[in-house]
Amino acid sequence: MTQPASGDFSVSLERGLTILSAFSSGRPVLGIADLARIVGVTKSTAHRYVATLANLGYLQQDPDTRKYSLGPKVADLGFAAIESMDLTRVAAPLLQSLADETGFTVSMAVCESRDVVYVDRRRSGRRNTLAIDLNLHVGSRLPAYCTSLGKAILAFRDPQALRQILERSDMARRGPNTITNREQLMVALAKVRQTGIAVNDEELAPGLRSFAAPIRDRTGEVIAAVNVAVHLSAAPNSLEALSAQIEPHLRRTAREISQRLGHRSGN
């Protein structure tokens, strides 16, 4: 294996992924000696990597042959990747239509632990770039607790899982109206569950407002959210007036994306 000349490169991670990549339909079961040869390490080193991957659920061992095959966690990753690709493919034209209808920037994100990760962003051809953009792009991460996208997803998390996420969040003040108290945020999330819309009124950055709605998959689970972001310099009208202008379009778009993913009302 050739290691790139980068301080950010992880040899351990590369070896772990090489071990997982060694399995295929043609060789679904491999022993430690096979894996050591493929990765180019000693048997004892290969055993350490394999033991870690098995402990995490990415490999499983046959108790009789002592050989390994891919575990259920690998399947979970595969399904997640497929769903993510389906999500962006299905949503893309609807997100662009929403941006063109409202005249504002539209984003879609998924939630990973404490953060939201942007998976799509669309600008309207009707307006120039907003006065503040935070340098966001596909792949950008922001804390979930202070974004409308994050709140639209967190509101529908299992209560115990939600509390664990919030306990790991720093709840730092990032904008003039950031909710920094966990119990107050829980109250705000309860309102999101009731209304189906998450509002961010200068919680992430001064002058930035946004409205978000959850996206559900065929099982009814909230897997992502879509939002419309507006800067006060582009729309100085009241939050209520802005909400009345944007929400109908936002709700329709989130509903259409969810339906195209197989969700039906009542699921």
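Structure: above.
On a predicted model such as this, the values are computed, not experimentally measured, just so you know.

Peer 1: Could you clarify how one ought to interpret the overall build of the protein in this entry?
Peer 2: Scanning the protein from N- to C-terminus turns up eight helices and eight strands. Expressed as a percentage of its 267 residues, the buried residues of the protein come to 44%. Long-range contacts, defined here as pairs at least 24 residues apart, represent 59% of the contacts in the protein between residues at least 6 apart. As displayed, the protein has an accessible area near 13,900 Å², and 51% of this comes from carbon and sulfur atoms.

Peer 1: Explain the environment of Pro143 to me, please; I cannot follow it from the model alone.
Peer 2: Tracing the backbone through its elements, the reader meets Pro143 in strand S5 (residues 141-143). In sequence terms Pro143 and Val117 are 26 residues apart; their C-alpha atoms lie 9.1 Å from each other.

Peer 1: Teacher, can you tell me more about the packing of helix H1 (residues 11-22) against helix H2 (residues 32-39) here?
Peer 2: The description of two helices packed together rests on the angle between their axes and the distance between the axes. Look at H1 against H2: their axes get within 10 Å of each other, and the N-to-C directions meet at 120°. The pairing of H1 with H2 is recorded here as oblique in orientation. Regarding H1 and H2, the two cross each other, and that crossing is right-handed. Each of Arg15, Thr18, Ile19 and Ala22 in H1 lies in contact with H2, whose residues at this interface are Leu35, Ile38 and Val39.

Peer 1: Got a minute to help me understand the sheet that holds strand S3 (residues 105-112) in this structure?
Peer 2: The strands that make up a sheet pair up through hydrogen bonds in the backbone, lying either parallel or antiparallel. Ordered by their spatial adjacency, six strands build an open sheet running S5-S4-S3-S8-S7-S6, and the pairing between neighbours is antiparallel. Two strands close off the open sheet at either side, each with one partner strand: S5 and strand S6 (198-201). On average, each strand axis in the sheet is inclined to that of its neighbour by 30°, with strand direction left out of account. Of the pairings in the sheet, the one linking S3 to strand S4 (residues 115-122) comprises seven bridges and is antiparallel in character.

Peer 1: What should I look at first to understand the pattern of salt bridges in this one?
Peer 2: Think of it this way: side chains of opposite charge can pair up when their charged atoms draw near. Following the criterion strictly, the structure yields 11 salt bridges and no others. Among the salt bridges present, the one from Arg163 reaches Glu183, with a minimum N-O distance of 3.2 Å. Of the two residues, Arg163 is situated in helix H6 (residues 159-167) and Glu183 in helix H7 (residues 182-195); the sequence distance between them amounts to 20 residues. Of the residues examined, Arg163 reaches a relative accessible area of 40% and is grouped as partly exposed.

Peer 1: Just checking my understanding: could you explain the nonpolar core for this structure?
Peer 2: Nonpolar side chains in soluble globular proteins generally cluster together in the buried interior. If you look at the biggest cluster of nonpolar residues, it comprises 31 residues, and the most contacted ones within it are Val116, Leu149, Leu154 and Leu185. Elements with a contribution of two residues or more to this core: S3, S4, helix H5 (148-154), H6, H7, strand S7 (208-216) and strand S8 (222-231).

Peer 1: Explain helix H8 (residues 239-260) here, please?
Peer 2: Helical periodicity: at 3.6 residues per turn, an α-helix aligns residues three or four positions apart in one direction. Here H8 spans 30 Å end to end across 22 residues, near enough to the 32 Å set by a 1.5 Å rise per residue. Along H8, the sharpest kink reaches roughly 40°, centred on Ile246 and followed within four residues by the proline Pro248. Taken residue by residue, H8 has Leu239, Leu242, Ser243, Ile246, Glu247, Leu250, Thr253, Ala254, Ile257 and Ser258 as its buried positions. Residue Gly262 follows H8 closely and has a positive phi angle near 105°.

Peer 1: Please explain the packing of aromatic side chains as it appears in this structure.
Peer 2: Geometry of an aromatic ring pair is reported as the spacing of the ring centres plus the angle between the planes. Under the counting rule described, the total for this entry stands at zero aromatic pairs. Against the face of Phe156 rests Arg216, its NZ or CZ located 4.8 Å from the ring centre.

Peer 1: Explain the packing of H2 against helix H3 (residues 43-55) here, please?
Peer 2: One can describe the packing of H2 onto H3 by two numbers: an axis separation of 9 Å at closest approach and a directional angle of 100°. Classified by the interaxial angle, the pair formed by H2 and H3 is roughly perpendicular. Seen from H2, the contacting residues are Ile32, Ala33, Leu35 and Ala36; seen from H3, they are Lys43, Ala46, His47 and Val50. Residues that form the contact of H2 with H3 fall into these classes: six nonpolar, one polar and one charged.

Peer 1: Can you help me understand the side chain of Ser169 in this one?
Peer 2: If you trace the backbone, Ser169 turns up in the loop between H6 and H7. In this structure the side chain of Ser169 is engaged in a polar contact, spanning 2.9 Å, whose partner is the backbone oxygen of Ile165. Not counting residues within four places of it along the chain, the set of residues in contact with Ser169 comprises Arg114, Tyr145 and Arg182.

Conventions we followed
- Residues numbered from 1 in each chain as written.
- Predicted model: local features only at pLDDT ≥ 70, side-chain atom pairs only at ≥ 80, totals over all residues.
- Heavy atoms only, no water.
- Helix = DSSP H or I, 4+ residues; strand = E, 2+ residues; numbered from the N terminus.
- Buried < 20%, exposed > 50% of the residue type's maximum accessible area, 1.4 Å probe, protein only.
- Contact = heavy atoms within 4.5 Å.
- Areas by Shrake-Rupley, 256 points an atom, 1.4 Å probe, with all protein chains shown as cover.
- Axes fitted to C-alpha atoms, helices over the stretch in contact; angles between N-to-C directions.
- Parallel < 35°, antiparallel > 145°, perpendicular 65-115°, else oblique.
- Left-handed = near helix turned anticlockwise from the far one by under 90°.
- Pairing = 2+ DSSP bridges.
- Salt bridge = Lys/Arg side-chain N within 4 Å of Asp/Glu carboxyl O.
- Core = buried A, V, L, I, M, F, W, Y, C linked by side-chain atoms within 4.5 Å.
- Expected span 1.5 Å × (residues − 1).
- Bend = angle between axes of the 7 residues up to and from the residue.
- Phe/Tyr/Trp six-rings, centres within 6.5 Å; stacked < 30°, edge-to-face > 60°.
- Lys NZ or Arg CZ within 6 Å of the ring centre and 35° of its normal.
- Nonpolar A, V, L, I, M, F, W, Y, C, P; charged D, E, K, R; others polar.
- Polar contact = N/O pair within 3.5 Å; in protein donor to acceptor, adjacent residues only side chain to side chain.

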